[in-house]
Amino acid sequence: MHYLCTMFDTTQKIGILGGGQLGKMLCLAAANFDFKTYILDAQPDFPAGKVCTQFIPGNFNDYDDVMAFGREMDIITIEIEHVNTQALHDLEKMGKTVHPAPRALDLIKDKGLQKEFYHTHAIPTADFELFEDEQALLEAVQNGRWKLPFVQKTRSAGYDGKGVSILRNAADLEQKLLKGPCLAEKLVPVQTEIAVIAARNAQDEVAIFPAVEMDFHPEANLVEMLLCPAAISPLVAAQAEALAEQVIRQFDLCGLLAVEMFLTVEGDLLVNEVAPRPHNSGHHTIDSAITSQYEQHLRAICNLPLGATDQIQPAVMLNLLGAADFKGPAKYEGVEACLALPGVHLHLYSKALTSPFRKMGHVTITAPTLELAKERAEFVKNNLKVIA
Ligand SMILES: Nc1ncnc2c1ncn2[C@@H]1O[C@H](COP(=O)(O)OP(=O)(O)OP(=O)(O)O)[C@@H](O)[C@H]1O
Ligand SMILES: [Mg+2]
């Protein structure tokens, strides 16, 4: 592989749309390469505000704000997909390097277009149908075309399970139907949920991180615990990695692509959804892999050689969610007892205020065996609390 057209240039300006925790961890990785990071988001007290080279206040959904920001940058990337992509298209036309490609972002940020993309490219995914609104979906249920149970998803602006409703019975149809343009999807009999993070650079080099297993918080519908390696056979792991490679190549994007998949009880892999950026399921790589997902994203968008993706030690990642009954200035309880265990890596997101189930940080627990990591993670889960 030749990188003659690449220059390692520490003075180039990397613009990131979004200043949340993913932006923060991206800035921290960039600092190791002495890269200069610029964040566009509403408020400088957001997580990335304190660690970037410069924070530029503005709205990443506003065309003019993104244009004004992007014009000053050499490379533009994102930490959230719900941004003004029209501005990104225009910046690309001006000759700016924009990763992920705006056309891929347009497909991904609309779950309807995303599902159609899988269908068109023969990427296995749960059967679905698009609807103009919830009334049209209801009619399809009434005339028997869609049968309970099934899953309804809003086409845009869903995240952390907020745009997803699992409808099991008639009462759910009355209470849990989400408003607006949506899709209905078959309820998959899931054996295991996994995520595979792929990276690709402009030389078309691709690298794949090992699959991780996602365990969900029953109430919050948020990933609570993530395990790497996933409890899947080597054959399924290889199939999942090949599928992730197929998907990133077909979206033709540079940077990271996190591919969420269902392993069905029949043993088939289905793509659930993708995220073209660093992902919750890759946090553990900071502490447990040869290259972190954040460094990998930078390597990929800067057209540098991709880093090795091997896992050094088994890892469990816990999202630190705000405790259910607390709202206000965040306090962290039980930290010392957890840090006393070997292999406990604490990452707080610098959010001043906690609220029920808000993502306040994460903890990665590395250990010589996954069993040991799980045991210690259980201790952390029971002892580390975010309260007010
Ligand atoms: N077709 C399906 N069959 C079974 N379970 C599903 C299906 N679609 C979604 N789910 C469940 O709902 C969760 C959230 O769905 P999805 O990932 O599409 O939404 P999201 O809001 O974008 O999630 P997040 O931001 O947390 O990744 C999935 O991880 C899975 O547990
Ligand atoms: Mg998801």
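As a starting point, this report considers the structure included with it.

What counts and what doesn't
Residues numbered from 1 in each chain as written. Chains lettered and ligands numbered in written order. Predicted model: local features only at pLDDT ≥ 70, side-chain atom pairs only at ≥ 80, totals over all residues. Near = placed C-beta within 6 Å. Helix = DSSP H or I, 4+ residues; strand = E, 2+ residues; numbered from the N terminus. Nonpolar A, V, L, I, M, F, W, Y, C, P; charged D, E, K, R; others polar. Domains from an automatic or database assignment. Buried ≥ 20, exposed ≤ 12 C-beta atoms within 10 Å, placed from the backbone. Pairing = 2+ DSSP bridges.

1. Some thoughts on the site of ligand 1
Okay, step 1: Surrounding ligand 1, one finds 20 residues, the nearest of these being Ala126, Val151, Val164, Glu185 and Val188.
Okay, step 2: Broken down by secondary-structure element, the contributors of at least two residues to the shell around ligand 1 are strand 7 (150-154), strand 9 (182-186), strand 10 (190-200) and strand 15 (269-275).
Okay, step 3: Across the shell around ligand 1, the residue classes tally to 8 nonpolar, 4 polar and 8 charged.
Okay, step 4: A domain split of the shell around ligand 1 shows at least three residues from each of domain 2 (127-186) and domain 3 (190-387).

2. Observations concerning unusual backbone geometry
Okay, step 1: Backbone torsion omega between His99 and Pro100 reads 5°, so that peptide bond is classified as cis.
Okay, step 2: Tracing the backbone through its elements, the reader meets Pro100 in the loop between strand 5 (97-98) and helix 4 (102-109).
Okay, step 3: A cis amide bond links Leu148 with the next residue in sequence, Pro149, at an omega value of -10°.
Okay, step 4: Tracing the sequence through the fold places Pro149 in the loop between helix 6 (134-142) and strand 7.
Okay, step 5: A positive phi is found at Asp252, a non-glycine position, where the angle reads about 55°.
Okay, step 6: Examined against the element boundaries, Asp252 turns out to sit in the loop between helix 8 (234-251) and strand 14 (255-264).
Okay, step 7: Residues other than glycine seldom take positive phi values, yet Asn303 does so here, at roughly 55°.
Okay, step 8: Along the chain, Asn303 falls in the loop between helix 10 (293-301) and strand 16 (315-321).
Okay, step 9: By the C-beta count within 10 Å, which is 18 here, Asn303 ends up partly exposed.

3. Looking at the sheet that holds strand 4 (residues 75-78)
Okay, step 1: Pairing is parallel across the open sheet formed by 5 strands, whose spatial order is 3-2-1-4-5. The two strands at the open ends of the sheet, each matched to only one other strand, are strand 3 (54-57) and strand 5.
Okay, step 2: Across 4 bridges, the pairing between strand 2 (residues 36-41) and strand 3 is parallel. Residue Leu40 lies in a different strand from strand 3, and its bridge partner there is Ile56.

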